[in-house]
Amino acid sequence: MKELTVTESSEPQRPKKPDWLRVKLPIGESYKNVRNLVDTHKLHTICESGNCPNMGECWGAGTATFMILGNICTRSCGFCAVATGKPEAVDWDEPQRVAEAIHLMKVKHAVITSVDRDEIKDGGSVIWYNTIKAVKLLNADTTLETLIPDFKGEKENLQRIIDAAPEVISHNIETVERLTRQVRIQAKYRRSMEVLKFLKEKNARTKSGIMLGLGETREEVLQTMRDLRESGVDVITLGQYLQPTRNHLPVMRFAHPDEFAEYRQAGYEMGFDYVESGPLVRSSYHSERHVFAGIGKQQWEAEKNKN
Ligand code: SF4
């Protein structure tokens, strides 16, 4: 029998990480300042829990995406680095601590997200409401993006977020319809679309995101973008999926920057107000640019007229 050599490993062949995904290391005083505030206020960030490749850049610029309702999620999405299990009891002081940290960071724009808390009757929407209100009270000039769970589509819970009035409400579709069961095990593609539609009907500025590299086709990406537009989504982000650990879904391919540029173009043609598309784009990346209507579209039209 022929001996198995290293190159004939039984491991499936994985695509090699391309150069365009190399990221900058965390540096500088701002980074240390954010680190210190997060630790002293006993807060969680999706930047750390989600192994975000842009953490150095964002923290270095003095911004972070806070993750409320603890750091243990009741769901177990195949791509996500956040721990799954039985979450700790709800911490009713957390809204105030988040508000204070944002105040001390002196940021003009903040992003808040949460784990899913399917075991709580209100899905965590009351803590969400309290957090948005506390942040607004202490930081009157700070704009806020809230990246929310689907709350199992329950309108009463979604309404609480609308009532708290953050500037942007986002809910990520994450992947195409065919792969949703595999990628977001406890979620439903159509239910997420309904959530986004409901938010838009209530006049919220809405946002959603897709990851590339999980096995989707180009046509499926475009169809998902069209579905999001039909649900009234204003802002869309498209980025490359990176496997956080060997236990997570593998990367099927690394989409080339040119492909991301094509989706950007297609997105504006479909009528999105802002399209953020690139290998390192994550949901919260450059999110301060997504608050006000017209900026992305104007920039794209100016680029078009130049060419
Ligand atoms: S619901 Fe959100 S935090 Fe929970 S596992 Fe899925 S992506 Fe991660």
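Everything numeric here is computed off the predicted structure, so don't read it as measured data.

A. Examining the pairing of strand β9 (residues 235-240) more closely. Summarising burial for β9: six of the six residues are buried, a large majority. Where strand β8 (residues 206-212) and β9 come together, six bridges link them in parallel fashion. Paired with G209 across the strands is T237, a residue of β9. Remark: the β8/helix α9 (residues 218-230)/β9 crossover connection has right-handed handedness. A crossover connection joins β9 to the parallel strand β10 (residues 274-277) through helix α10 (residues 257-270); in handedness this β-α-β unit is right-handed.

B. Main features of the pairing of strand β6 (residues 143-147). Across the five residues that make up β6, a large majority, four, are buried. Where strand β5 (residues 109-114) and β6 come together, five bridges link them in parallel fashion. By the bridge assignment for β6, A110 is matched with L144. The parallel pair β5 and β6 is bridged by helix α5 (residues 125-138), and the resulting crossover is right-handed. Inspection of the sheet shows β6 paired to strand β7 (residues 168-170) by three bridges, in the parallel sense. Bridge pairing in β7 places T146 opposite I169. Read from β6 through helix α6 (residues 155-164) to β7, the crossover connection turns out right-handed.

C. Local environment of the nonpolar core. With 72 residues, the main nonpolar core has F79, V98 and I236 as its most contacted residues. When residues of this core are assigned to their parent elements, the largest contribution, five residues, is made by helix α8 (residues 189-201). Beyond its immediate sequence surroundings of up to four residues, V98 is in contact with L43, F66, I68, I112, T131, A134 and V135.

D. Local environment of the site of the ligand. The environment of the ligand is made up of C73, R75, S76, C77, C80, V82, V115, D116 and P149. Split by residue class, the shell around the ligand holds six nonpolar, one polar and two charged.

E. Representation of α5. Over its 14 residues, α5 runs 20 Å from end to end, which matches the ideal 20 Å to within 8%, given 1.5 Å per residue. Looking at α5, one finds that the buried residues are S125, I127, W128, N130, T131, I132 and V135.

How each quantity is defined
Positions within a chain are numbered from 1, following the residues in the order the chain's sequence is written. In keeping with the predicted nature of the model, local features appear solely for residues at pLDDT of at least 70, side-chain atom pairs appear and are counted solely at 80 or more, and the whole-chain, interface and lining totals rest on all residues. Every C-beta atom is placed from the backbone, and the number of other C-beta atoms within 10 Å of a residue's own sets its class: buried at 20 or more, exposed at 12 or fewer, partly exposed in between. A helix here means a DSSP run of H or I that spans at least four residues, while a strand means a run of E at least two residues long, and both kinds are numbered starting from the N terminus. Following DSSP output, two strands are said to pair if at least two bridges run between them. By convention, orient the strands away from the viewer: a clockwise path from the first strand over the helix to the second makes the crossover right-handed. Defined on buried residues, the nonpolar core groups Ala, Val, Leu, Ile, Met, Phe, Trp, Tyr and Cys residues joined through C-beta atoms within 7 Å. Note that contacts rest on C-beta atoms placed from the backbone: two residues are in contact if these are within 7 Å. The criterion for a residue being near a molecule or strand is simple: its C-beta atom, placed using the backbone, must lie within 6 Å of it. Ten residues, namely Ala, Val, Leu, Ile, Met, Phe, Trp, Tyr, Cys and Pro, are considered nonpolar, four, namely Asp, Glu, Lys and Arg, are considered charged, and the remaining ones, Gly among them, are considered polar. Here, expected helix span is obtained from the residue count minus one, scaled by 1.5 Å.

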